[in-house]
Amino acid sequence: GGFDISSKAEVVKTHFLVVKDDAGLLEIALPEPDLPEIVSQTIQGIISHEGSYKQDEVATWIADQDLRPSKYADALVQLPPNRKISPNPKDWKCEKYGATENLWLNLSDGFIGGGRKFWDGTGGSNGALEHYEDEKAKGNEFPLVVKLGTITPSGADVYSYANDENDMVLDPKLAEHLAHWGIDVMQMEKSDKTLAEMEVDLNKNHSWSKILEADKELKAVREPGAVGLVNLGNSCYMNSALQLLASIPEFEGRYQDPEAKLRISASSGVVEDVLAQTAKVTSALTTGRYAPPLEEKPDDLGDPALEIRPQAFRSLIGRGHPEFSSNRQQDAAEYMVHLLEKLDRAERPALGSRLPAGRPTSDLFLFETEDRLEDVATKKVAYNKQKNSVLGLQVVLEDASNLEEVLAFRSAAEPDAKKPKTDGDGPTPLIPLDNVLKRFAAPADVSRRGSPDGATKTTKLASMPPYLLVALQRYYVDDKWIPAKLECSVPMPDTLDLNHLRGRGLQEGEQELPKEEESAPAAAEVVLPDEELVAQLISMGFNENGCKRACVAVKNSGAEAAMEWVIQHMEDADFASPFDPTAAAAPAAAAAAGAQHDPEAVMTLSSLGFSEPQAKLALDNTGGNAERAADWLFSHMDELDGLLAAAASGGAAAPAAGGASAVLDGDGTYTLHGIVSHLGKHTGCGHYVAHVNRNGKWYFYNDEKVALSEAPPLDVGYVYCYRRSDLQPGALSQ
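Everything quoted here is computed from the prediction, not taken from an experiment.

Caption draft 1: Spotlight on the overall build of the protein chain. Each helix and strand in the protein chain was counted, giving 22 helices and 22 strands. A separation of at least 24 residues holds for 69% of the contacts in the protein chain among residues at least 6 apart in sequence. A total of about 37800 Å² of accessible surface is found on the protein chain, and carbon and sulfur atoms cover 51% of it.

Right, here's the structure in full:
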C-alpha cells in the first residue's frame, strides 16, 4: 500500500589507485590483490571514511541523546567465559534465529542475538531481547548488550534492557567487559552502522508509505505544484512547511518570479538574498522546470538534474538561529513562524520597489486575539489585544469523548505496564474539536495588579486572517520531564466556522477597569536563584549554571516553568557559563537608567532603513538587544512616529492599536487548504509530511516523493492551514 518511488538510476562506484611518477599517472583498478597489505588497508580506510557533514550529523544525534552510564555497569554479572567471541564479523549470527545482521552481544553470558525492530519496521530478529526476557524469567538479570560491528577503540553502542533503563547507555567498563569474552577493543574495526547513523539515514530515507495511507495504492505524480524536495538530513520539517506555503496562491504569485526579477535585483547576490532564495525555491516547485510529465514507467526518477536541494535556502533562513541553523530535527510550526518573520524583514523595505506595493506575506496569517479581564470583586473589565501568526490549541486527554473507555483499558493494563507495547494498544482517545475550542475560550483565573481578589481571563479572536494556521498542541512534558506526544484523534472539518469565537470588545453596560499606571523606570530587580529549585533541576542531570539561569529567568516560579526554560535554552552558547545574577540584571538596569546606546547597534538598525531616533527607541524597548530591536521595528513599522511622540512626551512606549497596520479581517468561515503532519514522540524528532488541496485535489508530499492522496490525515495532523471562504484575490495589495 501507499506509494514508493524508487530511484531508477543505477549508481555504480568504481575505485582506482592513481600513482604519479615522472612518467605520468598510472591508474590501478581496485581491488588489486597484489598491493601491499598496508596500502590496501589505507585505501579501504579512505573509501569507508565518512565526510565531515555526515560526521556532524551523527555527532549531533549522539549529543541530543544525553547518554548516561548504566547503573548495572560497575557490578555487572559475567558468567565464566566458556568460549571466545570471534573478531571476524562473518562468524557472528543470532543464536536463536540465525540472523547475520544487527547483532548484539550480551555482556553477562556471551549470547549473540538479533536486535529489536527499528521504528520504521526494519531492524533485527529480536533474539537478543527475547533471550534477556527468558533469562529474567529464570531469575537472572543480564541487561547490558553491545552491538557487534560498532566496537572500536573509542567505544560502541551499548543498550540496557533493564526495565528501569530500557535505553541506550554508557558502559564505563566496556573494554574490561569485552575482554572477558576475548574481544580486544584495540584490535576491532567498525563493520556495521551505529544506531546514530541508522537514525540519521532513516530521517533521510524514511518510507512514509508504511505509516500514512499504507492501505491505499497511491499514484505518484509530477507536475507544476507537485514537485518534491530532497531531504538534506533532518530537513523534512522545512520541506513540509515550504510545500504548504508555496501552494498558497498569494505566496506563489509573489515568488514564482517568471522573469527572475527578484533574483536579478539581488544586490548582495542570490545566495545572500532572502527574497531571491525564496523566489528560487518557489519557482522550482510551481513551474515546469523540474516537472516533466511522469510516465507510467519513468526512467528519470532519481535523476540529479530533476532534484531540488534547497541547501542555500536552508542555510540563509536558519542563519543566526540556535536551532534552525543546526542539522537537528525541528518543530515545523515554529519554523513557519520563523520563516514568515524572516520574509517580513526582507519584504518591508522592498515593497514598492523589488516587490509590488502592498502588504508583507506575513499579513496573510496575522491575526489578533482579544483577552477580556474581569475583576472578581468589582466586575469591571479590561480588554487587551495580541498579534499572532499561529492559533495554538491545547489538546488534553480529559477532553476525550471516550475518556472512560480509555481510562478503563489503561487501568486494566497497569499490571503489564512494563511490558513493551505498540502505539495501537487500546482504544485511541477521540477528542472532538468542539471540546478543544471550548477549552481555548474557557475562563481562567489570573492575577492582576490592582485586583486583590484576582481576575478571570477569557480569550477570543479579534480578527479572522485570510489564512489561519491552527496547531494542535498534542505535545507535553511527562512526569519524568521528557517531551512526549498524546496519541489521539482530533477530527478536523473541511469547513470550519469560528464566528462564535469572535471578540466584540467593550460591550454596553460593561464598566472599564482603570488603566494600570506605568511606574517610572527603576533599577532592574536582582533575582537570586532559589537553591532548592536549582538542586531539583540539577538532580535531573542539567548543568548548575544553566539551572541558575532558568530559575532567575522564570523568577523562581516553579520547577515546570524552569524546566521548560531549560529545554528551550539548552543549546544557548552561554547556558553553562558562570552565572552572576547581578551581572545578568545589568543590561536592563542600564537601559532603565538611560545608558548610552551601543553605536554599532544603532548603525546596524539604521542600515535597515530606520532613523537614529527609531533605532534608539527600539533598543530601549528590547533591553539593548540589536536582533530583538530589529524584530520590534519591523513589527511596529506603521506606528513608529506615534511611538516616538509618546516616548518624547513621557508616555509609555507601547504599540498603538488599529491604524494603518490593522490586520486583514473578514468572515470567520474557513475551508481546509493543507496539513503538515508529524510522526514521532515529540516535535524535535521523527518525520514530517504535508498534504495540500490544489484545485480540489489532495496531494501528498513526502520530501522528494509526491502522490495524489486518497485519505488526508484529517484527525492526526499537526498544523492545519485554513483559507477564509470570503477571501478575494489581491489580499496583499490591500
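Caption draft 2: Representation of the sheet that holds strand 9 (residues 367-375) in the model. Spatially, 10-9-13-12 is the arrangement adopted by the 4 strands of the open sheet, whose pairing is antiparallel. Each of the sheet's edge strands pairs with one partner strand only, and the pair in question is strand 10 (381-388) and strand 12 (444-448). Adjacent strand axes in the sheet meet at a mean angle of 35° when their direction is disregarded. Bridge analysis of strand 12 against strand 13 (residues 451-461) gives 4 bridges, and the strand direction is antiparallel. In the sheet register, Arg 448 faces strand 13, and the bridge partner there is Ser 451.

Caption draft 3: The arrangement of the pairing of strand 9 in detail. Burial runs high along strand 9: 8 of the 9 residues are buried. Bridging between strand 9 and strand 10 involves 8 bridges; their strand directions are antiparallel. Bridge pairing in strand 10 links Glu 370 to Lys 385. Counting the residues between successive antiparallel strands, the hairpin from strand 9 to strand 10 contains 5 residues, one of them, Lys 379, with a positive phi of roughly 65°.

Caption draft 4: Here's a closer look at the packing of aromatic side chains. If you walk through the whole model with that rule in mind, you get 8 aromatic pairs. Here the aromatic rings of Tyr 237 and Tyr 335 are separated by 5.2 Å at their centres, their planes lie at 80°, and the arrangement is edge-to-face. A residue pair is termed long-range when its members are at least 10 positions apart, and Tyr 237 in helix 6 (residues 236-246) and Tyr 335 in helix 11 (residues 332-347) qualify at 98 residues. The exposure class assigned to Tyr 335 is buried, which follows from its relative accessible area of 2%.

Caption draft 5: Main features of the sheet that holds strand 4 (residues 112-114). If you trace the 5 strands from one edge of the open sheet to the other, you get 4-3-5-6-7, paired in antiparallel fashion. On the outer flanks of this sheet lie strand 4 and strand 7 (167-169), each paired with one strand and no other. Averaged over neighbouring strand pairs, the angle between their axes works out to 40° when direction is ignored. Most of the contacts of helix 3 (residues 127-137) go to strand 4, to which it runs at about 120°, and overall it touches strand 3 (103-106) and strand 4.

Caption draft 6: Local environment of helix 11. Taking 1.5 Å as the rise per residue, helix 11 with 16 residues should run 22 Å; its terminal C-alpha atoms sit 22 Å apart, in good agreement. Sitting at the amino-terminal end of helix 11 is Asp 331, which places a side-chain oxygen 2.8 Å from the backbone nitrogen of Ala 333.

Caption draft 7: Up close: the confidence of the model for the protein chain. Scored by pLDDT, the protein chain comes out at a mean of 82, with 81% of its residues at no less than 70. Every residue in residues 415-424 is under pLDDT 50, and counting partners more than four places away or in other chains gives 3 contacts.

Caption draft 8: Spatial organisation of a nonpolar patch on the surface. Taken together, Phe 16, Val 18 and Leu 25 make up a surface patch of nonpolar side chains, about 320 Å² in accessible area. Relative accessible area serves as the criterion here: at 47%, Val 18 is assigned to the partly exposed category.

Reading the values: the criteria
Along every chain, residues carry numbers that run from 1 in the direction the sequence is written. With the structure being a predicted model, the display of local features is reserved for residues of pLDDT at least 70 and the display and counting of side-chain atom pairs for 80 or more, all residues being used for whole-chain, interface and lining totals. Side-chain numbers come from the whole structure's heavy atoms, not from hydrogens or water. Only DSSP runs of H or I reaching four residues or more are called helices, and only runs of E reaching two or more are called strands; each is numbered from the N terminus. Two residues form a contact once any of their heavy atoms are found within 4.5 Å. The method behind every accessible area is Shrake-Rupley, applied with a 1.4 Å probe, and residues are considered shielded solely by the protein chains displayed. A pair of strands is considered paired only if DSSP assigns at least 2 bridges between the two. Axes here mean lines fitted to C-alpha atoms, for a helix over just the part in contact, with angles spanning 0 to 180 degrees between N-to-C directions. Relative accessibility under 20% of the residue-type maximum defines a buried residue, over 50% an exposed one, and the middle range a partly exposed one, all with a 1.4 Å probe and only protein chains included. When the centres of two rings from Phe, Tyr and Trp lie within 6.5 Å, Trp using its six-membered ring, the rings pair. Their planes under 30 degrees apart give stacked, over 60 give edge-to-face, and anything left gives tilted. Expected span of a helix, by definition, is 1.5 Å for each gap between consecutive residues, and there is one gap fewer than residues. Think of a polar contact as two N or O atoms within 3.5 Å of one another; within protein, one of them needs to be a possible hydrogen donor and the other a possible acceptor, and neighboring residues in sequence only count if both atoms come from side chains. The pLDDT score gives, residue by residue, the confidence of the prediction method on a 0 to 100 scale. The patch calculation keeps residues exceeding 30% relative accessible area without a salt bridge and links them within 9 Å when they carry like charges or within 5 Å when they are nonpolar (Val, Leu, Ile, Met, Phe, Trp, Tyr). Salt bridges are defined by distance alone: a side-chain nitrogen of Lys or Arg within 4 Å of a carboxyl oxygen of Asp or Glu.

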